[in-house]
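Secondary and tertiary structure notes
Chain residues, written in single-letter form:
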Amino acid sequence: MPDQRTVSVPPAIREAARDFELGRRRGLVHTEPRRLVWPVLIPLVVFGAAMLWFGASSAVEDQRTSGAWYYSSPLLVLGLGPLALAAWIFARAWTQPQIWVAHYERGLVRWITGRVPEVYEWDEIAGIAREETRVTDGLSSATWRTLTVIPEEGDPIVVSDSYSGLAAFADALDTAFSRVRLLQDAARLEAGEQVDFFLVQLDPTGIGHLGEHLAWREVARVEVKKGILDIHRLGVRKPWLSIPASSVRNLRVFLSLAEALRRQHRSR
């Protein structure tokens, strides 16, 4: 896969980043609608063409032997159906707009071809969430990865494996945003505020979840294993809380702050 920095950046993105003084570009991903449809189109075309050929051959033979070619019409329909579906999928992919998301030093830009670029500085982003889903067809399995950026205003920006170069892009953006957000949230906790991470909250006294609260002096450890966030209470084997890590917004920030506060209270 080519390096993201070698990909030609659309002028609309460059101009938007320059106008908002976002700094140097750190990453770039984009969709490729036409490339993604081939794994679907090829089986449809092969099956449809085979059924159409078999149906046409049967119709010719039926016409020759009995004068009733229409006996083979179900086979012809069976062949034409997949071909029509393949043509529709191809036309839709051909006309589907391409989506670009660029990560800069001080924010990101999303551009959907034919529209005005959307610019978000770090302070205009409420959080990010990452998810990995295991997909299987019974014979093989694969991991489908998703990065969701939640702006303070506007619709979420969802970047998945349908974008070229997701893995490196997601890691870099997560690291950059978490570095900025960690300082902000640490300052809020220092001021005595509560910080919300969607399904869990941190405050100077402990961890909260759906009305329940675990004081820092009772927290044994906070860890993520196989996509699950476990929060353990001292002296109890079963986790006090066990939830999907993907349901925690700004997971890296949460883990860093939780460990820092846990150690701070244990050392007293």
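In this text the structure is predicted, and so the values were computed from the model without any measurement. (Residues numbered from 1 in each chain as written. Predicted model: local features only at pLDDT ≥ 70, side-chain atom pairs only at ≥ 80, totals over all residues. Heavy atoms only, no water.)

1. A few points about the nonpolar core
In this structure, Phe 197, Leu 202, Ile 207, Val 222, Ile 231 and Phe 254 are the most contacted members of the largest nonpolar core, which totals 21 residues. Secondary-structure elements contributing two or more residues to this core are strand E13 (219-225), strand E14 (228-233), strand E15 (241-244) and helix H5 (251-266). A per-element tally of this core places H5 first, with five residues. For Val 222, the contacting residues outside a window of four places in its chain are Ile 207, Leu 229, Asp 230, Ile 231, Phe 254, Leu 255 and Ala 258. Judged by nonpolar contacts, the second largest core, of 18 residues, contains Val 101, Ile 157, Phe 169 and Leu 173. (Core = buried A, V, L, I, M, F, W, Y, C linked by side-chain atoms within 4.5 Å. Buried < 20%, exposed > 50% of the residue type's maximum accessible area, 1.4 Å probe, protein only. Helix = DSSP H or I, 4+ residues; strand = E, 2+ residues; numbered from the N terminus. Contact = heavy atoms within 4.5 Å.)

2. A look at the pairing of strand E4 (residues 118-121)
Bridge count between strand E3 (residues 107-112) and E4: four bridges; the pairing is antiparallel. In the sheet register, Gly 107 faces E4, and the bridge partner there is Glu 121. Taking the residues between adjacent antiparallel strands as the criterion, E3 and E4 are bridged by five residues, where Gly 114 takes a positive phi near 95 degrees. (Pairing = 2+ DSSP bridges.)

3. Regarding the sheet that holds E14
Here we have three strands laid out as an open sheet, ordered E13-E14-E15, and antiparallel in their pairing. Of all the strands in the sheet, just E13 and E15 have a single pairing partner and so form its edges. Here the average twist between neighbouring strands, direction ignored, is 10 degrees. Each of E13 and E14 is contacted by H5, which is oriented at about 160 degrees to E13, the strand it contacts most. (Axes fitted to C-alpha atoms, helices over the stretch in contact; angles between N-to-C directions.)

4. Thoughts on a negative patch on the surface
A contiguous patch of negative charge, built from Glu 21, Glu 121, Asp 123, Glu 124, Glu 152 and Glu 153, is present on the exposed surface. Of note, Asp 123 is situated in the loop between E4 and strand E5 (125-136). The exposure class assigned to Asp 123 is exposed, which follows from its relative accessible area of 58%. (Patch = residues over 30% accessible without salt bridge, like charges linked within 9 Å, V, L, I, M, F, W, Y side chains within 5 Å. Areas by Shrake-Rupley, 256 points an atom, 1.4 Å probe, with all protein chains shown as cover. Salt bridge = Lys/Arg side-chain N within 4 Å of Asp/Glu carboxyl O. Lys, Arg positive; Asp, Glu negative; His and termini not counted. Charge placed at Lys NZ, Arg CZ, Asp CG, Glu CD.)

5. Quick look at the environment of Pro 74
One can find Pro 74 in helix H3 (residues 73-95). The class of Pro 74 is exposed, set by a relative accessible area of 55%. Taking the C-alpha atoms as reference points, Pro 74 and Gly 55, 19 residues apart in sequence, are found 7.8 Å from one another.

6. Considering the environment of Ile 125
Among the secondary structure elements, Ile 125 is positioned in strand E5. The class for Ile 125 is buried, based on a relative accessible area of 1%. With 28 residues separating them along the chain, Ile 125 and Glu 153 place their C-alpha atoms 8.2 Å apart. The residues contacting Ile 125, other than those within four sequence positions of it, are Leu 108, Tyr 120, Val 149, Ile 150, Pro 151, Glu 152, Phe 177 and Arg 181.

7. Section: the sheet that holds strand E12 (residues 212-215)
Overall, antiparallel pairing links the four strands, which are arranged E9-E10-E11-E12 in an open sheet. Of all the strands in the sheet, the pair left with one neighbour each is strand E9 (195-196) and E12.

8. Observations concerning the environment of Glu 118
Of note, Glu 118 is situated in strand E4. Sequence separation of Glu 118 and Ala 16 is 102 residues, and the distance between their C-alpha atoms is 8.2 Å. If sequence neighbours within four positions are ignored, Glu 118 has contacts with Leu 108, Val 109 and Arg 110. A polar atom in the side chain of Glu 118 sits 2.9 Å from the side chain of Tyr 120. (Polar contact = N/O pair within 3.5 Å; in protein donor to acceptor, adjacent residues only side chain to side chain.)

9. Details of H5
Because an α-helix completes one turn every 3.6 residues, residues spaced three or four positions apart along the sequence face the same direction. End to end, H5 covers 22 Å across 16 residues, agreeing with the expected 22 Å (1.5 Å per residue, within 8%). The set of residues buried in H5 consists of Val 253, Phe 254, Leu 257, Ala 258, Leu 261, Arg 262 and His 265. The arc enclosing the buried residues of H5, seen along the axis, measures out at 150 degrees, which places them on a common side. Elements that come into contact with the buried residues of H5 comprise helix H4 (166-190), strand E10 (201-203), E13 and E14. (Expected span 1.5 Å × (residues − 1). Arc of directions from axis to C-beta.)

10. Things to note about H4
Look at H4: 35 Å from first C-alpha to last across 25 residues, which is about the 36 Å you get at 1.5 Å a residue. Directly beyond the C-terminal end of H4, a positive phi value near 90 degrees is found at Gly 192.

11. A closer look at the pattern of salt bridges
Tallying each qualifying case throughout the model produces 13 salt bridges. One salt bridge in this structure joins Arg 26 and Glu 105, with 2.8 Å as the shortest N-O distance. Of this pair, Arg 26 sits in strand E1 (residues 25-31) while Glu 105 sits in the loop between strand E2 (99-104) and E3, and the two are 79 residues apart along the sequence. Classification of Arg 26 by relative accessible area gives partly exposed; the value is 34%. Note on Glu 105: relative accessible area 30%, which makes it partly exposed. Note that Arg 188 is salt-bridged to Asp 185, the shortest N-O span being 3.8 Å. Separated by three residues within a single helix, Arg 188 and Asp 185 lie in helix H4, roughly one turn from each other.

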